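Listed below, chain by chain, are the residues.
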Amino acid sequence: MPQSDAERWNTRYQNDARYHRDPGPREFLLSCEPYLPTRGLALDAATGLGGNAGYLSKRGLQVIGVDISMVALRRARMRYPALWLVQADLCHFPLPANRFDLIINFYYLERSVWRDFPRALRPGGVLVVETLTREMRRIQPDIPEEYLLAPGELRELFSGLKVLHYREEWIEGSGSHPRPVASLLAVKV
Ligand SMILES: C[S@@+](CC[C@H](N)C(=O)[O-])C[C@H]1O[C@@H](n2cnc3c(N)ncnc32)[C@H](O)[C@@H]1O
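These lines cover the structure that appears in this document, whether it is placed above or below. (Residues numbered from 1 in each chain as written. Predicted model: local features only at pLDDT ≥ 70, side-chain atom pairs only at ≥ 80, totals over all residues. Heavy atoms only, no water.)

### Topic: the environment of Y80
On the secondary structure map, Y80 appears in the loop between α4 (70-79) and β3 (84-87). Classification of Y80 by relative accessible area gives buried; the value is 9%. Considered as a pair, Y80 and G50 are 30 residues apart in the sequence and their alpha carbons are 7.4 Å apart. When sequence neighbours within four positions are dropped, the list of residues in contact with Y80 reads D22, L49, G50, G51, G54 and K58. Among the polar contacts listed, one links the side chain of Y80 to the side chain of D22, at a separation of 2.9 Å. (Helix = DSSP H or I, 4+ residues; strand = E, 2+ residues; numbered from the N terminus. Buried < 20%, exposed > 50% of the residue type's maximum accessible area, 1.4 Å probe, protein only. Contact = heavy atoms within 4.5 Å. Polar contact = N/O pair within 3.5 Å; in protein donor to acceptor, adjacent residues only side chain to side chain.)

### Comments concerning the site of the ligand
In the vicinity of the ligand, 16 residues are found, and the nearest of them are Y13, R26, A46, D67 and D89. Note that an oxygen atom of the ligand is positioned 3.4 Å from one of the side-chain N or O atoms of N52. Between the ligand and Y108 there is a distance of 3.5 Å, counted from a nitrogen atom to a side-chain nitrogen or oxygen. Isolated, the ligand exposes 600 Å² of accessible area, and the fraction of that covered by the protein chains is 90%. Its residues assigned to classes, the shell around the ligand shows nine nonpolar, four polar and three charged. (Near = heavy atom within 4 Å. Areas by Shrake-Rupley, 256 points an atom, 1.4 Å probe, with all protein chains shown as cover. Nonpolar A, V, L, I, M, F, W, Y, C, P; charged D, E, K, R; others polar.)

### Considerations on the pairing of β3
As paired strands, strand β2 (residues 62-67) and β3 are joined by four bridges and run parallel to one another. Its bridge partner lying in β3, G65 is registered against L85. One crossover worth recording links β2 to the parallel β3 by way of α4, and it is right-handed. (Pairing = 2+ DSSP bridges. Right-handed = clockwise from strand over helix to strand, strands pointing away.)

### Section: the environment of G50
The topology assignment puts G50 in the loop between β1 (41-45) and α3 (51-58). When its relative accessible area of 0% is taken as the criterion, G50 is described as buried. Spatially, the C-alpha atom of G50 lies 14 Å from that of L61, the residues being 11 residues apart in sequence. In this view, G50 contacts A76, Y80 and L83; residues no more than four positions away in its chain are not counted.

Distances and angles like these do not, on their own, reveal function.
Pasting the structure below:
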């Protein structure tokens, strides 16, 4: 029987040493700091170990972190007890309309989930997204294309929002080599 996504991610979080340390917030999230609200409700889609959500929570937001992996969420809960953590498959997690002051999504690409982000933001709400692009296949040719962004795709998907910052470039990360990403900071006007 094929492994479910939850099993696959649980195994990864249990066995891969990279996931045993606190990742802290992503660089791109830190660079968005002047635009991030410090009050209200935030959603961290695919929160993982909670490094980004924990950072937002310490800045004053109430953060809901949703992830499919119970192993990751247990670690997030121990490190960041103020988070509201939900174990769920985001593909079956309906988002309320006009509810969030901030939505962040790092390294999780599910276009059907992303489609609902603009509606779920309050007017004035902020969206921060970063994930890998198809350039990644140069260094890891076996990654299915559906998990990677096409050139210009991220900006196009959120063209209904006011884009404050957009980039597609190779960045240094915590891993052993640079990674090609698209990053977006946008606001619902
Ligand atoms: C690469 S990690 C990114 C975690 C975190 N956002 C970060 O920046 O480190 C991808 C995360 O997506 C979660 N995930 C995968 N499929 C999911 C789904 N269908 N619903 C919710 N979470 C999912 C995994 O459990 C994992 O924690």
